[in-house]
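The primary structure of each chain is shown beneath.
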Amino acid sequence: MTYIVTEPCIDCKYTDCAAVCPVEAFHETPDRLLINPDVCIDCDACLPECPVEAIYSDMSYPEKYADWMEKNAEAENYPIISTKQPALYGPNCSGDPE
């Protein structure tokens, strides 16, 4: 089992989840984060850290996010992120700034 990052991360790109990941499974695109399924160890550390609830288990995600399995599978094509950085707060971010 692994976790996936889904649509609510777009334009928000909170990095709290990446900062707690013990194996550097998170990768950064210009407008979101992705989880590399080959690196994720299913530790659950990232799940409670996401303020927009964009992270789901690959075994229990809402059907509307089915295509995000493929998107996360491409994570290795982007740089690894393992530290907390300021959130993006882009125009489509549905999360509330702290």
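The following paragraphs examine the structure supplied in this document.

**A look at the state of the cysteines**
Here a disulfide denotes one covalent bond, and it connects the sulfur atoms of two cysteines. What the rule picks out here adds up to one disulfide. Here Cys12 pairs with Cys93 through a disulfide, and the sulfurs are 2.0 Å apart. Disulfide Cys12 to Cys93: torsion about the S-S bond roughly 105 degrees, handedness right-handed. Taken together, the positions of Cys12 in the loop between β1 (3-5) and α1 (16-20) and Cys93 in the segment after α2 (68-73) put the pair 81 residues apart, joining distant regions of the chain. Taken individually, Cys12 and Cys93 each receive the classification buried, so the pair is uniform in this respect. Between Cys9, a free cysteine, and Cys50, which holds the nearest cysteine sulfur, the sulfur-to-sulfur gap is 6.4 Å.

**Describing empty space enclosed by the protein**
Tallied over the full model, the rule gives two cavities of 30 Å³ or more. In this structure, the largest cavity encloses a volume near 80 Å³. Tallied by class, residues from the lining of the largest cavity come to 13 nonpolar, no polar and two charged. In this structure, the second largest cavity is lined by Val5, Cys9, Tyr14, Asp16, Cys17, Leu33, Glu49, Cys50, Pro51, Val52, Ala54 and Ile55.

Rules and cut-offs
Residues numbered from 1 in each chain as written. Predicted model: local features only at pLDDT ≥ 70, side-chain atom pairs only at ≥ 80, totals over all residues. Heavy atoms only, no water. Disulfide = S-S within 2.5 Å. Helix = DSSP H or I, 4+ residues; strand = E, 2+ residues; numbered from the N terminus. Buried < 20%, exposed > 50% of the residue type's maximum accessible area, 1.4 Å probe, protein only. 1 Å grid on protein atoms, 1.4 Å probe; cavity = no way out; pocket = protein on both sides within 12 Å on 5 of 7 lines; lining within 4 Å. Points joined across faces, edges and corners; volume = space filled by probe spheres on them. Nonpolar A, V, L, I, M, F, W, Y, C, P; charged D, E, K, R; others polar.

Such coordinate-based values are descriptive only and should not be taken to indicate function.
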